[in-house]
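Architecture and fold: a report
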Amino acid sequence: MTTPYKDKILILDFGSQYSQLIARRIRELSVYSEIRPFSETLEAIRAFEPSGLVLSGGPASVIDADAPLPHPEIFDLGIPILGICYGMQLMTHMLGGEVAPSAKREYGAAVLTRTAESELLAGLEKNLRVWMSHGDRINKTPEGFAPIAATDNSPVAAMADGSRRFYALQFHPEVVHTPEGVEILKNFVYSVCGCSPSWTMHSFVEQSVSEIRGRVGEGRVLCALSGGVDSSVAAVLIHRAIGDRLTCIYVDNGLMRLGESEKVVRTFRDQFHIDLKAVEASEQFLSRLSGVTDPEEKRKIIGNEFIKIFEAEATQLGQVDFLAQGTLYPDVIESISFKGPSATIKSHHNVGGLPERMKLKLVEPFRELFKDEVRLVGRELGIPEEVLYRQPFPGPGLGIRILGEITRERLAVLREADAIVIEEIKAAGLYRQIWQSFAVLLPIRTVGVMGDERTYDHVVALRAVNSRDGMTADWVQLPFELLARISNRIINEVKGVNRVTYDISSKPPSTIEWE
Ligand code: XMP
């Protein structure tokens, strides 16, 4: 696939946990960048027309017989190359230098001293803090290269061949522990590769609108709108491209939060004039869930019911050709790089299986974007901040936050408690900093006293976690006064609750949701 952006950087991925960060840092410089597997063919690399290449780090050693190697002719393309960590050893190895195992593994912070002038490190201090993570070292630089910086343990911590515009770093400029790293990447991207900052969300929107028009033609697109960030931004973007040939379906499964369904309809139908079909299906979901307490069974029922309803609604619309999906770049990278699929801990629900069954083609406008870029697109499109910065909310909704049986009465209790949590977290100015904060209704009752009366009522647990991607999470040390306020309000205002607890478990070994 070629991209229309004029200046762009291609990153060849050798399996480093930091590859995505390199792409993000370069995009933050307003230059488009993509990650491809290290084994990318020369034709594909040429077709991408990169202004420069970055060879990422990786866990392997170039000394090993089965070390991952790129196509050798990447060095004959005549474009600048930056090797980072494993990428540096690789350049040394493939271009005729010498790599040897280091007596001492260097891991963590180090002080880098510049030893010669170079375009890559131009304008930087003589000594820099950098982040190292490597086992091998450079014994001899390849022909044409000269060392440009050293650390105590690495006499060649950076090297350059200015005439070929090849550079290599033993440390990681893409991580925050290398404070001047962005300056180094800036030098590479702007000065060495000659890129200009042209990747902006405005250009992305213009480009996507024309791509969506081209792909969809006279066809019709269906979008499952949940009110979450990805589907909301996708809907507005696609609507801008094809107007009323987009139909959104919002399914109210009865497991939504206080006022949520009304808000979605108001925002997208009234404000954005999107053709939105809101399906009120609480009864259908809740009757199927009646008596069910097993978490996986709940998830399956909610997922299946959703697909059934969505499909029935879609069929009523007549001929539809495309389904919009909010696939993000990390999902795409996940499927192309060589990290193994992780085990399924909980079955997540989406519109899986539907495109094949209904013979729908996909429109995935965010395949190239990171989550924070989707938010910027949303801002560009005028979507309210409240939607763009919503904390993640699971597809099965409050259904997996009510432990035990889901009833209308228990839903009402949790909704009120949850609304208080959100309101107070927002009032404390913490909503955007926290990954997720919510209430959980426990399947037990405890004894309390109100006035002179003994009570025997529900227990609510509070959960607040910080996370980067939902894969791991730490519980948040909320201020005691805030916890006190939330607890007081819930116990006083929500009828039927006489006790509030705070969940202080991290993921792993716990999970974010309780079911
Ligand atoms: P767990 O509970 O597995 O959750 O630690 C990780 C993240 O995923 C969200 N989550 C879901 N999202 N459908 C979704 O769209 C689901 O079925 C689902 N289950 C959990 C959860 O809220 C957290 O952000």
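Residues numbered from 1 in each chain as written. Predicted model: local features only at pLDDT ≥ 70, side-chain atom pairs only at ≥ 80, totals over all residues. Heavy atoms only, no water.

Some points on the overall build of the chain
Stated precisely, the cut-off is as follows: What counts as a helix is a DSSP run of H or I of at least four residues, what counts as a strand is a run of E of at least two, and both are numbered from the N terminus. Relative accessible area decides the class of each residue, using a 1.4 Å probe on protein chains only: under 20% of the type maximum gives buried, over 50% gives exposed, and in between gives partly exposed. Note on areas: Shrake-Rupley, 1.4 Å probe, and residue coverage restricted to the protein chains presented here. We count Lys and Arg on the positive side and Asp and Glu on the negative side, and we leave His and both chain ends out. By convention, the point assigned to a charge is CZ for Arg, NZ for Lys, CD for Glu and CG for Asp.
Tallying secondary structure elements over the chain gives 15 helices and 18 strands in all. Projected onto its principal axes, the C-alpha positions of the chain cover 85 × 60 × 40 Å. When each of the 515 residues of the chain is scored for burial, the buried share is 56%. A total accessible area of about 22800 Å² is found for the chain, and carbon and sulfur atoms account for 51% of it. Charge separation in the chain, taken as the distance between the mean sites of 57 positive and 68 negative side-chain charges, equals 2 Å.

A look at helix H12 (residues 371-380)
A turn of α-helix holds 3.6 residues, and therefore any two residues three or four places apart point the same way. Under the convention used in this document: Whether two residues touch is decided by their heavy atoms; if any such pair falls within 4.5 Å, the residues are in contact.
Buried within H12 are the following residues: Glu373, Val374, Arg375, Val377 and Gly378. On its buried face, H12 is in contact with helix H1 (19-28), helix H5 (201-216), helix H6 (229-242) and helix H13 (385-388). Just past H12, the residue glycine 382 takes up positive phi, approximately 80 degrees.

Here we look at the pattern of salt bridges
Here is the rule we go by: Whenever Lys or Arg places a side-chain nitrogen within 4 Å of a carboxyl oxygen from Asp or Glu, that contact is recorded as a salt bridge.
In total, this model carries 28 salt bridges according to the counting rule given. The residue arginine 489 makes a salt bridge to glutamate 493 at a minimum N-O spacing of 2.8 Å. Of the two residues, arginine 489 and glutamate 493 both sit in helix H15 (residues 480-493), four residues apart, roughly one turn of that helix. Overall, the relative accessible area of 18% leaves arginine 489 in the buried class.

Some thoughts on the sheet that holds strand E12 (residues 275-280)
Rule in force here: Strand pairing requires that DSSP identify at least two bridges connecting the strands. Angular values range over 0 to 180 degrees, each being the angle between N-to-C directions of two axes fitted as lines to C-alpha atoms, with helices fitted over their stretch in contact.
The five strands lie next to each other as E12-E11-E10-E13-E14, forming an open sheet whose pairing is parallel. With one partner strand each, in any of the chains shown, E12 and strand E14 (361-363) form the two edges of the open sheet. Going across the sheet, the axis of each strand differs from the next one's by a mean of 30 degrees, ignoring polarity. Where strand E10 (residues 221-224) meets strand E13 (residues 322-324), three bridges bridge the pair, whose relative direction is parallel. Paired with cysteine 223 across the two strands is alanine 324, which belongs to E13. Strands in contact with H5 are E10, E13 and E14; relative to E14, the strand with the most contacts, it is inclined by about 170 degrees.

Side note on the packing of aromatic side chains
Formally: Side-chain rings of Phe, Tyr and Trp, where Trp is taken by its six-membered ring, are said to pair if the distance between their centres is within 6.5 Å; with planes under 30 degrees apart they count as stacked, over 60 as edge-to-face, and otherwise as tilted. Look at NZ for Lys and CZ for Arg. If either is within 6 Å of the ring centre and within 35 degrees of the ring normal, a charge sits over the ring.
With the rule as written, the count across this model stands at 10 aromatic pairs. Their ring planes at 75 degrees and their centres at 5.5 Å tell us that tyrosine 329 and phenylalanine 370 sit as a pair that is edge-to-face. Of this pair, tyrosine 329 sits in helix H10 (residues 329-336) while phenylalanine 370 sits in the loop between E14 and H12; the two residues are 41 residues apart in sequence, bridging distant segments of the chain. Across from the ring centre of phenylalanine 393, 3.7 Å away, lies the NZ or CZ of arginine 257, which sits over that ring. Above the face of the phenylalanine 438 ring, arginine 401 is positioned so that its terminal group lies 3.7 Å from the ring centre.

A word on the domain arrangement of the chain
Interface size is commonly expressed as the accessible surface area that is lost when the partners come together. We apply this condition: All domain edges in this entry derive from an automatic or database-based domain assignment. Buried surface area refers to the total accessible area, computed with a probe of radius 1.4 Å, that the two partners give up upon joining, counted for both partners together. We call two N or O atoms a polar contact when they sit within 3.5 Å, provided that within protein one can donate a hydrogen and the other can accept it, with sequence-adjacent residues counted only if both atoms are side-chain atoms. Ten residue types, Ala, Val, Leu, Ile, Met, Phe, Trp, Tyr, Cys and Pro, are classed as nonpolar, four, Asp, Glu, Lys and Arg, as charged, and the remainder, Gly among them, as polar.
Domain boundaries assigned for the chain yield domain 1 (8-192), domain 2 (201-388) and domain 3 (401-502). Relative placement of domain 2 and domain 3: their C-alpha centres are 28 Å apart. Listed as interface residues are 16 residues of domain 2 and, on the opposing side, 13 residues of domain 3. Between domain 2 and domain 3, roughly 1200 Å² of surface is buried when both sides are summed, and carbon and sulfur atoms account for 52% of that area. The tally of links from domain 2 across to domain 3 stands at two salt bridges. For the pair domain 2 and domain 3, the number of links is seven residue pairs in polar contact (both at pLDDT 80 or more). In terms of residue count, the dominant contributor to the side of domain 2 that touches domain 3 is helix H8 (residues 282-289) (four residues). Grouping the constituent residues of the side of domain 2 that touches domain 3 by class yields six nonpolar, six polar and four charged.

Considering the environment of aspartate 503
Of note, aspartate 503 is situated in the segment after strand E18 (497-502). Residues aspartate 503 and arginine 432, 71 residues apart in the sequence, show an inter-C-alpha distance of 20 Å. Look past the residues within four positions of aspartate 503 in its chain and what remains in contact with it is Leu462, Arg463, Trp475 and Trp514. At 3.1 Å, the side chain of aspartate 503 forms a polar contact with the side chain of arginine 463. At a separation of 2.9 Å, a polar atom in the side chain of aspartate 503 contacts the side chain of tryptophan 514.

Observations concerning the environment of methionine 256
Mapping methionine 256 onto the fold places it in the loop between strand E11 (246-252) and helix H7 (260-271). Judged by its relative accessible area of 8%, methionine 256 is buried. Taking the C-alpha atoms as reference points, methionine 256 and leucine 411, separated by 155 residues in sequence, lie 9.1 Å from one another. When neighbours within four sequence positions are excluded, methionine 256 is seen to be in contact with Ser226, Tyr250, Ser261, Phe393, Leu398 and Arg415.

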